[in-house]
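Descriptive analysis of the structure
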Amino acid sequence: MTESEVLAVVRASPGRRLFGVAAMAVLGALLLYMGLTRSFSHPGWPVALVLGGLGTLWLGHAMYRATAHRIELTETELRSSDGTLIALTAEIEAVERGVFAFKPSNGFLLRLSAARPRRWQPGLWWRIGRRVGIGGMTPGSQTRVMADIIATMIATR
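Residues numbered from 1 in each chain as written. Predicted model: local features only at pLDDT ≥ 70, side-chain atom pairs only at ≥ 80, totals over all residues. Heavy atoms only, no water.

**Considering the packing of aromatic side chains**
As enumerated under the stated definition, the model contains 1 aromatic pair in all. Pairing Phe102 with Trp126 gives two aromatic rings, centres 5.9 Å apart and planes at 50 degrees, and the pair type is tilted. Taken together, the residues Phe102 in the loop between β5 (92-96) and β6 (108-121) and Trp126 in strand β7 (residues 125-134) connect sequence positions 24 residues apart. Residue class for Phe102 comes out exposed when judged on its relative accessible area of 66%. For Trp126, a relative accessible area of 16% puts it in the buried group. Residue placement shows Arg17 over the ring face of Tyr64; its charged tip is 4.4 Å from the ring centre. (Phe/Tyr/Trp six-rings, centres within 6.5 Å; stacked < 30°, edge-to-face > 60°. Helix = DSSP H or I, 4+ residues; strand = E, 2+ residues; numbered from the N terminus. Buried < 20%, exposed > 50% of the residue type's maximum accessible area, 1.4 Å probe, protein only. Lys NZ or Arg CZ within 6 Å of the ring centre and 35° of its normal.)

Structure below.
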């Protein structure tokens, strides 16, 4: 096995990706429509609705771009297919998959030994300090395999 050999891959499910991005687009369009066509007693409401609609459309676009990539696990690193290093495997201290873990849907949480800069790829992964969440629009079967491999790597260290 070489250092760059991919041990596991997690990618967004096409159906969840389509549904999630479409839901964000519809919500953004509805907020914009309401903000531009309705009359309100307070002048702040149309502004808030338009800003909320634009923010929701931006988030849907960010989700569409992020979920086009996949997460790859190698012997030395956990990375995104766009080249972003999510975490080095040597830094991973624990994998949390429990019901009460603060983790993405169908995913798992990693605890790192050192804090890394914040990063968020909606629907795929996020990183805040020493915590990394993997999952969201991903199938549970793929994230379960990746979490098991990482847990085995930690146990054999």
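What follows continues from the structure just given.
**Some details on the sheet that holds strand β1 (residues 8-11)**
Judged by pairing direction, the sheet is antiparallel, and its 4 strands sit side by side in the order β1-β2-β3-β4 without closing on themselves. Both edges of this open sheet fall to β1 and β4 (85-88), since each of them pairs with a single strand only. Strand-to-strand twist across the sheet, computed as the mean angle between neighbouring axes with direction ignored, equals 15 degrees. Two elements, strand β2 (residues 70-73) and strand β3 (residues 77-80), share 3 bridges in a ladder whose sense is antiparallel. By the bridge assignment, Glu72 is partnered in β3 with Arg79. (Pairing = 2+ DSSP bridges. Axes fitted to C-alpha atoms, helices over the stretch in contact; angles between N-to-C directions.)

Don't take any of this as a statement about function, it's just geometry.
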